[in-house]
Amino acid sequence: MVIPGEATSNRYVANSEGAPPVPPPGGYRGAQRSRAPQLPPGAPQPPTRSASDGKPKRAWMGPVALAVAGAFVVVLLIVWNVGGSHTLYGFNMLAIQLAVLAVVLVALFTPGARRWGSLALAVCLVANVATIGAAGALTSAYTGNYENLKTDEQKFWEKYPGIKDEEPIYLIGAPSYEEYKADADEILLKVRERLTADFGFTWTEPADEMKRPIRNGYGGESWFFTYTSQKWMTNEAVHGVSDKTAVVNSVNSVAADFGYDELYSLTQPGYRDDKVLEQLYGSAEPTEQAIWEFYTGDYDADFTLYVQMVDLSMDNADGKFRKDREDWNARTGEPLEGVIVYVVTGPTISEDDEAAFDELLSDYE
């Protein structure tokens, strides 16, 4: 008997009266479709299919991508090592790098090959055209060797024997080294003889001549050089404006014999800024300078005679010039003060090299 207002769910708590009937033997007919077929005992079980059945496996793409990336890195290193940096940044190398990247990306998105593809991608990120090129640039900057960064054309012009923007015919037509040396030896001998006769100077052992190579304007050195003759210096000092002026006058007499102008002062106010004069010579006022410097010569032939006089009695209060001269004396043995004479020339070449120069120059015409 059902009591009005009683909860319906309480009907089946105590017993099964009123419960739905149990399913028939073997279950409902519609439920049979989802049940696996029952096989007799001992019968072989049918094979099961995985979720990936029907999809082709391409796990081999991973090792292939890694091998391709590794081979590309080896090629980059070889090209860099043999000096083909211009090849590194060429179109062909860029196209190859894009092709390698495509292979790596295919492996990265292929099931079963992703682990290998990730390794290949890491290799490409570490070693590629940009990183290898940057490493080469840093190495060149550290060592000063830029051979690997030059094209074949740059290397060709680097060996140009002349000087950029200078006509070779004028360079080779200038006095040779041997001619410059003979002229320098002659005028320096005459200057020494005159100063010895006028002031009784003796001369110390001269400093060696120098040949300073001239750059060719294409990253290399030309066959030409500037010639600095032997530097002669007196063992005796010259102090005072009057004595130093007398030395200048004696040298002017020799210069006149060679047809040169009188000595021109590099230490006079107006030639350079006063601060520069103070730094180089001790003062902007000639009467207070520790160093006097003059020049004259044959300007058409680019042949210049220099005369210097070091007077440490006019040194600054801090003793700058004396200290500099003491350091120089310790290195060269040159006296601390006195008169110095030498010659500097323009671009020149040895007579022995002229024929070889002409032959090599023909490759650049």
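Thresholds, definitions, all that
- Residues numbered from 1 in each chain as written.
- Predicted model: local features only at pLDDT ≥ 70, side-chain atom pairs only at ≥ 80, totals over all residues.
- Heavy atoms only, no water.
- Helix = DSSP H or I, 4+ residues; strand = E, 2+ residues; numbered from the N terminus.
- Buried < 20%, exposed > 50% of the residue type's maximum accessible area, 1.4 Å probe, protein only.
- Contact = heavy atoms within 4.5 Å.
- Areas by Shrake-Rupley, 256 points an atom, 1.4 Å probe, with all protein chains shown as cover.
- Pairing = 2+ DSSP bridges.
- Salt bridge = Lys/Arg side-chain N within 4 Å of Asp/Glu carboxyl O.
- Core = buried A, V, L, I, M, F, W, Y, C linked by side-chain atoms within 4.5 Å.
- Expected span 1.5 Å × (residues − 1).
- Polar contact = N/O pair within 3.5 Å; in protein donor to acceptor, adjacent residues only side chain to side chain.

J.: Would you mind showing me how to read the overall build of the protein here?
T.: For the protein, the helix and strand inventory stands at 12 helices and seven strands. Evaluated residue by residue, the protein yields a buried proportion of 33% over its 365 residues. For the protein, long-range pairs separated by at least 24 residues make up 71% of all intrachain contacts whose partners lie at least 6 apart in sequence. Surface exposure of the protein reaches about 22800 Å², of which carbon and sulfur atoms provide 56%.

J.: Even after reading the chapter, I still don't get the pairing of strand β5 (residues 291–298), so can you show me in this structure?
T.: Taken residue by residue, a regular strand's side chains alternate between the two faces of the sheet. Burial analysis of β5 places seven of its eight residues in the buried class, the great majority of the element. In this sheet, β5 lies alongside strand β4 (residues 264–265) in antiparallel orientation, the contact comprising two bridges. From the neighbouring strand, Y264 faces β5, where its bridge partner is Y295. Pairing analysis gives eight bridges linking β5 to strand β6 (residues 303–310), with the strands arranged antiparallel. Its bridge partner being in β6, E293 is matched across the sheet by Q308.

J.: In this structure, what is going on with the pattern of salt bridges? I would like to understand it.
T.: Where side chains of opposite charge bring their charged atoms close, a pairing between them can arise. For the structure on display, the rule yields eight salt bridges. One salt bridge connects R194 with D257, and the closest N-O pair in it is separated by 3.8 Å. Of this pair, R194 sits in helix α8 (residues 177–199) while D257 sits in helix α9 (residues 241–257), placing them 63 residues apart in sequence. R194 sits in the partly exposed class, given a relative accessible area of 28%. Classification of D257 by relative accessible area gives exposed; the value is 59%. Here D327 and K323 are joined by a salt bridge, their closest N and O atoms 3.3 Å apart. One end of the pair, D327, and the other, K323, are both in helix α11 (residues 320–332), four residues apart, so they sit about a helical turn from each other. Judged by relative accessible area, D327 falls into the partly exposed class, the value being 36%.

J.: Mind showing me how you'd approach the pairing of β6 here?
T.: By the criterion of burial, β6 is predominantly enclosed, with seven of the eight residues buried. The hairpin formed by β5 and β6 contains four residues between the paired strands, and D302 there has a positive phi angle of roughly 60°. Where β6 meets strand β7 (residues 338–348), eight bridges bridge the pair, whose relative direction is antiparallel. Residue pairing in the sheet places L305 in a bridge with V343 of β7.

J.: Sorry if this is basic, but what is going on with the nonpolar core here?
T.: Most often, soluble globular proteins have nonpolar side chains that are buried together. Grouped together as the largest cluster of nonpolar side chains are 30 residues, with contacts concentrated most on I187, V191, L195, F303, V339 and V341. Residue assignment for this core shows that the elements contributing at least two residues are α8, β2 (221–228), α9, β5, β6 and β7. Ranked by residue count, the leading element in this core is α8, at seven residues. Each residue touching V191, except ones within four places of it in the same chain, is listed here: V251, V254, L305 and V341.

J.: Help me understand α11 in this model?
T.: At 3.6 residues per turn, the α-helix brings residues three or four places apart onto the same side. Its 13 residues give α11 an end-to-end C-alpha distance of 18 Å, which sits within 8% of 18 Å, the value for a rise of 1.5 Å per residue. Just past α11, the residue G333 takes up positive phi, approximately 80°.

J.: I keep staring at the side chain of S265 and nothing clicks. Help me out?
T.: The residue S265 is located in strand β4 in this model. Among the polar contacts made by the side chain of S265, one reaches the side chain of T267 at a distance of 3.0 Å. A polar atom in the side chain of S265 sits 3.3 Å from the backbone nitrogen of Q268. Once you skip the residues sitting within four places of it in the chain, S265 turns out to touch E293 and F294.

It is worth stressing that arrangement in space is one thing and function is another; only the former is reported here.
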